[in-house]
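Structural features, examined
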Amino acid sequence: MKLFEIRESFGLENLKLAERPTPEPAADEVVVQIRATSLNFRDLLVVQGKYNPRMKLPRVPLSDGAGEVTSVGAGVSTWKTGDRVVIPFMPAWLEGELDEGKAGSALGGAVDGVLSEFVVVRAGALLPAPEHLSFEEAATLPCAAVTAWNGLFVSGNLQPGQTLLLQGTGGVSLFGLQFGKAAGAKVVLISSSDEKLKRARALGADETINYRAEPDWEKRVLAVTGGRGVDLTLEVGGAGTLSKTLRATRYSGHVSLIGVLSGIAGDVQTGHILHKAITVRGIYVGSRAMFVDMNRTISQHQLKPVIDRAFPFESAPEALRHLESARHFGKIVITIG
Ligand SMILES: NC(=O)c1ccc[n+]([C@@H]2O[C@H](COP(=O)([O-])OP(=O)(O)OC[C@H]3O[C@@H](n4cnc5c(N)ncnc54)[C@H](OP(=O)(O)O)[C@@H]3O)[C@@H](O)[C@H]2O)c1
């Protein structure tokens, strides 16, 4: 089978096509032919060596895959050849709290990922792909969508009528927009581009702010919430945006801390957290159980993920460069086979 691997050293130029034997399933495993995969910002960091500079190479990158079952182990009765499936980001996190062992199963990080024609997965980890979604659409779900779901409803406990702040128009934020609107929230969204803000309004964003034109965007967020602040934020900006987010958050509000787009470390106004009794909670994607709940909602509302562009398998490095450019709106996918 063909796959892409980060060969001997990091860097997009070292992401190379390779051949390895097609895997055979053990008794409790299933082999999945990957039909589509999607990109996350993490994948760029992994390939560049910024995610874990000590990662063992060669490594197959990418966490998000959807495809078809092609063979099942002798002890597997839950799946059959031809079933359409999605693979969770952390196949060992089935339910409950996250721990070190579950985190260690994250695909395309500590272990090989899905930028490959075939992968082998524990049967109990797989989920059926929502019926109304194509492989490309289903492949957008494992990381960005589950992260947004966890940040909104599991950690964030979003309620109808509450106000939600979203940053940018990447994968996590646009799932946050779709799920937030489906749940009856009011959405304030910031972006670097007026054109992207227009598209976000078409998807239901109630208030939009250009954070390039208005670097003090937190003041506008306070203004559009009558001075009160938002109830919940999916914080994808990280160190460079967190203090602004805290200023834009109401007393006893909640911040789901997800991303590092503007930096991993930096000064944070901790005074806002304690004075306003704000909860800041770290999110690391989510469990298979959260994925199941999310898919039920996606099917019920017939939600369609926002896909920016699909690249063919051979153009995987180009797809990552497109992600790096930040010109995208929503998810970038790679079609395989
Ligand atoms: N903790 C987790 O489990 C988890 C899971 C998924 C993702 N993440 C993290 O969450 C972040 C977003 O991931 P993603 O895959 O959704 O990324 P993405 O699709 O690459 O989205 C990036 C977008 O974010 C916006 N952005 C960049 N810098 C910004 C800033 N300073 N302030 C506000 N918006 C900014 C830009 O949108 P505009 O062009 O519209 O401005 C950019 O296009 C990344 O840091 C990623 O590593 C974490």
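Residues numbered from 1 in each chain as written. Predicted model: local features only at pLDDT ≥ 70, side-chain atom pairs only at ≥ 80, totals over all residues. Heavy atoms only, no water.

**Remarks on the packing of helix α4 (residues 141-154) against helix α10 (residues 288-300)**
Basically, it comes down to this: Lines fitted to C-alpha atoms define the axes, with helix axes restricted to the stretch in contact, and inter-axis angles between N-to-C directions lie between 0 and 180 degrees. Helix and strand assignments follow DSSP, with helices taken as H or I runs no shorter than four residues and strands as E runs no shorter than two, numbered in order from the N terminus. If an angle is under 35 degrees, it is roughly parallel; if it is over 145, roughly antiparallel; if it lies from 65 to 115, roughly perpendicular; otherwise it is oblique. Pairs of residues are marked as contacts when any of their non-hydrogen atoms sit within 4.5 Å.
For the pair α4 and α10, interaxial distance at closest approach is 10 Å and the crossing angle is 90 degrees. Compared by their axis directions, α4 and α10 come out roughly perpendicular. Within the contact between the two elements, α4 uses Leu141, Pro142, Ala145, Val146, Trp149, Asn150 and Val154 and α10 uses Met290, Phe291, Asp293, Met294, Asn295, Thr297 and Ile298.

**Some words on the side chain of threonine 225**
What counts here: Exposure is judged per residue with a 1.4 Å probe applied to protein chains only, and the accessible area is read against the type maximum: over 50% gives exposed, under 20% gives buried, and values in between give partly exposed.
For threonine 225, the location among the structural elements is in the loop between α7 (217-224) and β11 (230-235). For threonine 225, a relative accessible area of 14% gives the class buried. Apart from residues lying up to four places away in sequence, threonine 225 is in contact with Thr163 and Val230.

**Side note on α4**
Put simply, the rule is: The length a helix should cover is 1.5 Å for every residue beyond the first.
A rise of 1.5 Å per residue sets the reference length of α4, with its 14 residues, at 20 Å; its end C-alpha atoms lie only 16 Å apart and thus fall more than 12% short of the reference. Summarising burial for α4: 12 of the 14 residues are buried, a large majority. Regarding α4, the residues found buried are Leu141, Pro142, Cys143, Ala144, Ala145, Val146, Thr147, Ala148, Trp149, Asn150, Gly151 and Leu152.

**Considerations on the packing of aromatic side chains**
Formally: Any two of the Phe, Tyr and Trp rings considered here, Trp counted by its six-membered ring, make a pair once their centres fall within 6.5 Å; the pair's planes then place it as stacked at under 30 degrees, edge-to-face at over 60, or tilted in between. The criterion for a charge sitting over a ring is simple: Lys NZ or Arg CZ within 6 Å of the ring centre, and within 35 degrees of the ring normal.
Under the criterion given, the structure shown has five aromatic pairs. Site record: aromatic cluster; members linked through ring pairs are Trp149, Phe153, Phe175 and Phe179. In this structure, arginine 84 is placed above the aromatic ring of phenylalanine 135, and the distance from its NZ or CZ to the ring centre is 4.9 Å.

**As for the side chain of asparagine 150**
Relative to the helices and strands, asparagine 150 is located in helix α4. Residue classification places asparagine 150 among the buried residues on the basis of a relative accessible area of 7%. Sequence-distant contacts of asparagine 150, that is, excluding residues within four places in its chain, are made with Ser155, Gly156, Ile283, Val285, Gly286 and Met290.

**Here's the deal with the site of the ligand**
Applicable threshold: Note on terminology: near, applied to a residue and a molecule or strand, indicates that one of the residue's heavy atoms is within 4 Å of it. Any N or O atom pair separated by 3.5 Å or less is treated as a polar contact, with the protein-specific requirement of one donor-capable and one acceptor-capable atom, and with residues adjacent in sequence counted only for side-chain atom pairs. With residues, only the protein chains shown are counted as cover, and all accessible areas are computed by Shrake-Rupley using a 1.4 Å probe. Definitions used throughout: a 1 Å grid over protein atoms alone; a cavity as a set of points that fits a 1.4 Å probe which cannot get out; a pocket as an open set with protein on both sides within 12 Å along at least five of seven lines; a lining residue as one with an atom within 4 Å of a point. Put plainly, a molecule is in a cavity or pocket when over half of its atoms are within 2 Å of the grid points there.
Around the ligand, a shell composed of 27 residues is seen, among which Thr169, Ser191, Tyr211, Ile283 and Val285 lie nearest. Taking glycine 171, its main chain carries an N or O atom lying 3.0 Å from an oxygen atom of the ligand. Against a free-state accessible area of 930 Å², the protein chains account for coverage of 89% of the ligand. Counting atoms within 2 Å of the grid points, the majority share of the ligand lands in the largest pocket. Taken together, the elements giving at least two residues each to the shell around the ligand come down to α4 and α5 (171-182).

**So, helix α1 (residues 41-48)**
The element α1 is largely enclosed, with a buried count of six among its eight residues. Packed against the buried residues of α1 are β1 (2-6), β3 (29-38) and α11 (316-325).

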